[in-house]
Amino acid sequence: MPRKFASALAPFKNAPAWSALAGAILLLAWTAWFVFAKLSVYAASHAARLEVDTAPNPVDAPVSGRVVRSALALGATVKEGDVLVQLDAEAFALALAKEAAHLTAVEPQIAALRKEMTADERAAVGESVAAVAAHQEAEAMRRASEALASLKSSETSQLERLRQQRIVAELESARMKSEAEQRGAEAEAARTGVTRLGGEVIAKRSDRRARLARLELEIAQLEAMRSESQAHMRTLAREVELRTIRAPVSGRLGDVRALRAGAVVEEGARLAVVVPQGGGLQVVAFFEPQAAVGRIKKGQTGRVRLLGFPWTKYGALSARVTNVGSEPSEGWVRVELAVSRVPGNTAPLEHGLPGLVEVKVEETSPLTMVLDAAGRFVTGIDAQAAHEPKAAP
C-alpha cells in the first residue's frame, strides 16, 4: 500500500518547478504586453451638445420698450421676416405721420415755385426780344430825326444866304429856322429816348434776375426742408422698425422668453433663439486646453455618448473632428465634430441634446501611459489644472 501511494504522489514532487515556469511565462507575456502593446488614448470633453451645422440665430431686443404683442411660442415654426415681438412705437409712428403730412404740403409749394420760375424765365426771354426790337425801332427813329434835322439845318443855311441877298423874305427864313430847331429838338429827344429805353431794359432785367434769384432761394429753402423731413422720416421709420422684432431666418423657436403685453424688455435682452431647419447636425464639445491643444486635430475619430440616452441601451454615435479652436475661450477649447449613427443606435437626434465626446488622440503602450501619469502626478499638472477657475461652457 505505501508503495502504491508513493507512486501516485510522484508527479507532484516537481509541481513547484512547473508553477515557477508558468509564472515566468505569464510574467514575460505581461511584460511584453506592457511594453509593446498599443492602446487607444481618448481625450474626454467637459461638455458637449448637438447643434445644427448652421448656427442658431439669437433674437435680442435692439432697444428697450414695452411689449405690445408677442408671438413667441416654444417650438413654433417661423419664417424669415415674421413678427415675433412688437414693442410700443406709437410716439414714433405719430411723429412719422406728422412728417409725412408736412412733406406732402412742401411738394406742391416746390412745384408751384418751379412753374412760376419757368414762366418768369420765358417772360425774361420775351422781354429781351421785345427790348431788342424796341431799341432797334428807337435807333431808327433817332437816325430819321437826325437826318431830318440835318436837312432842315441845311435848308435854313441856304435860306439865310438868300435872305441876306434879299431873294427870300425874312419871314420865310425865320420859319425855316424854327423848323430846323424843332427837328433838332426832336432828334435830341430821340437820342434821349434811346438812352432811356436802354436804362429801362437794364432795370427790367435786373428786376427779373432779382425775382428769379428770390424764387431760387425759396425753392432751395423748401428743398432743404424736404431733405430734412425725409431724413427725419427715415430716422423715425428706423425707430419703428427697431421696435418690430422679426425672425432673422426660417426655423423653429428653440428657446423663448415668456412675454406678455405690457412687459418691459431691456436693450440687448435675449428674447428667443431660432434654430434653422433642414440643416445637418454637428457636435460642439468643450475640452480643457491641456487635453485639446496640440492633441486633437482635424480628421481624428471619436464617439459621442448622449447624456439623456444611456449608451448601454441606445449605443454611441460615431464622430469625426471637423474644426478645432486654436485659442481657449473662458478656459475651454471649442471642438466641432461631424456625427453619424452606428448600427444599433436609436436615440432621437435633435438640436440641443447634451452629451460627452471622446476623441481618439493617439495609440501608445501601457508603459508610456503609466510613465505619463506618474510624471503628471509628480509635477502636479493635473492638480493645478483642476484648481484653475473656468466659466461653464
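Below is a short write-up of the structure.

Scanning the protein chain for helices and strands turns up 8 helices and 15 strands. Expressed as a percentage of the 393 residues in the protein chain, the buried residues total 28%. Across the protein chain, the fraction of contacts at a sequence separation of at least 24, relative to all contacts at a separation of at least 6, is 79%. If you sum the accessible surface of the protein chain, you get close to 24800 Å²; carbon and sulfur atoms cover 59% of it.

A separate point is the pairing of strand E4 (residues 65–70). Along a regular strand, successive side chains alternate from one face of the sheet to the other. The pairing of E4 with strand E9 (residues 264–265) spans 2 bridges and is classified as antiparallel. Along E9, the bridge assignment pairs Arg66 with Val264. Note: E4 against strand E6 (residues 83–87), 3 bridges, orientation antiparallel. When the bridges of E6 are listed, Val67 appears paired with Leu87.

A separate point is the pairing of strand E13 (residues 317–324). As paired elements, strand E12 (residues 301–306) and E13 share 4 bridges and run antiparallel to each other. Bridge pairing links Gly302 to Ala319 in E13. In this sheet, strand E14 (residues 333–340) lies alongside E13 in antiparallel orientation, the contact comprising 6 bridges. What sits directly across from Asn323, in E14, is Glu336.

Moving on: unusual backbone geometry. Positive phi, normally seen in glycine, also occurs at Glu330, with a value near 55°. Positionally, Glu330 belongs in the loop between E13 and E14. Judged by its relative accessible area of 57%, Glu330 falls in the exposed class.

Let us look at the sheet that holds E6. Strand order across the open sheet formed by 4 strands is E7-E6-E4-E9, with antiparallel pairing between neighbours. Looking at the sheet topology across the chains shown, the edges are occupied by strand E7 (244–246) and E9.

Let us now look at the sheet that holds strand E8 (residues 251–256). Strand order in the open sheet formed by 4 strands is E3-E10-E8-E5, and the pairing between neighbours is antiparallel. In this open sheet, the two strands that pair with only one neighbour each are strand E3 (57–60) and strand E5 (77–78). One ladder, built from 4 bridges, connects E3 with strand E10 (residues 270–276); its direction is antiparallel. When the sheet's bridge partners are listed, Asp60 is paired in E10 with Arg270.

Another aspect to go through is the nonpolar core. Counting 25 residues, the largest nonpolar core has Phe287, Ile296, Leu337 and Val357 as the members making the most contacts within it. With 4 residues, the single largest contributor to this core is E14. For Ile296, the residues in contact, after removing those within four places along its chain, are Ala43, Phe287, Ala291, Val321, Val324, Val335, Val359 and Val361. Grouped together as the second largest cluster of nonpolar side chains are 18 residues, Val78, Leu87, Val265 and Val274 included.

Right, let's get into the environment of Arg66. As for its position among the elements, Arg66 is in strand E4. Taking the C-alpha atoms as reference, Arg66 lies 7.7 Å from Ala261; in sequence the two are 195 residues apart.

Moving on: the pattern of salt bridges. Enumeration over the complete set of coordinates arrives at 15 salt bridges. For Glu218, the salt bridge goes to Arg214, with nearest N and O atoms at 3.0 Å. Here Arg214 and Glu218 lie together in helix H4 (residues 170–242), a separation of 4 residues that amounts to about one turn. Overall, the relative accessible area of 36% leaves Arg214 in the partly exposed class. Here Arg243 makes a salt bridge to Glu239, at a shortest N to O gap of 2.8 Å. By relative accessible area, which is 11% here, Arg243 ends up buried. The structure contains a network of salt bridges with shared partners spanning Arg49, Glu51, Arg334 and Glu336.

In this section: a nonpolar patch on the surface. A surface patch of nonpolar side chains, amounting to about 360 Å² of accessible area, comprises Trp18, Leu21 and Ile25. Inspection of the secondary structure puts Trp18 in helix H2 (residues 15–36).

What follows covers the packing of aromatic side chains. A full pass over the atoms with the stated rule returns 1 aromatic pair. With 5.2 Å between their ring centres and 85° between their planes, Phe309 and Tyr314 make a pair best called edge-to-face. Per residue, the accessibility class of Phe309 equals that of Tyr314, and both read buried. Its guanidinium or amino end placed over the ring of Tyr42, Arg303 lies 4.2 Å from that ring's centre, counting from NZ or CZ.

Moving on: the side chain of Arg243. Looking at the element boundaries, Arg243 is found in the loop between H4 and E7. Of note is the side chain of Arg243, whose polar atom sits 2.8 Å from the side chain of Glu239. Not counting residues within four places of it along the chain, the set of residues in contact with Arg243 comprises Val63, Ser64, Val85, Gln86, Leu87, Asp88, Ala89 and Phe92.

We now examine the side chain of Glu51. The residue Glu51 is located in strand E2 (residues 47–52) in this model. For Glu51, a relative accessible area of 12% corresponds to the buried category. At a separation of 2.9 Å, a polar atom in the side chain of Glu51 contacts the side chain of Arg49. In this structure Glu51 touches Gly280, Leu281, Gln282, Val284, Arg334 and His351, once residues within four positions along its chain are discounted.

Reading the values: the criteria
Residues numbered from 1 in each chain as written. Predicted model: local features only at pLDDT ≥ 70, side-chain atom pairs only at ≥ 80, totals over all residues. Heavy atoms only, no water. Helix = DSSP H or I, 4+ residues; strand = E, 2+ residues; numbered from the N terminus. Buried < 20%, exposed > 50% of the residue type's maximum accessible area, 1.4 Å probe, protein only. Contact = heavy atoms within 4.5 Å. Areas by Shrake-Rupley, 256 points an atom, 1.4 Å probe, with all protein chains shown as cover. Pairing = 2+ DSSP bridges. Core = buried A, V, L, I, M, F, W, Y, C linked by side-chain atoms within 4.5 Å. Salt bridge = Lys/Arg side-chain N within 4 Å of Asp/Glu carboxyl O. Patch = residues over 30% accessible without salt bridge, like charges linked within 9 Å, V, L, I, M, F, W, Y side chains within 5 Å. Phe/Tyr/Trp six-rings, centres within 6.5 Å; stacked < 30°, edge-to-face > 60°. Lys NZ or Arg CZ within 6 Å of the ring centre and 35° of its normal. Polar contact = N/O pair within 3.5 Å; in protein donor to acceptor, adjacent residues only side chain to side chain.

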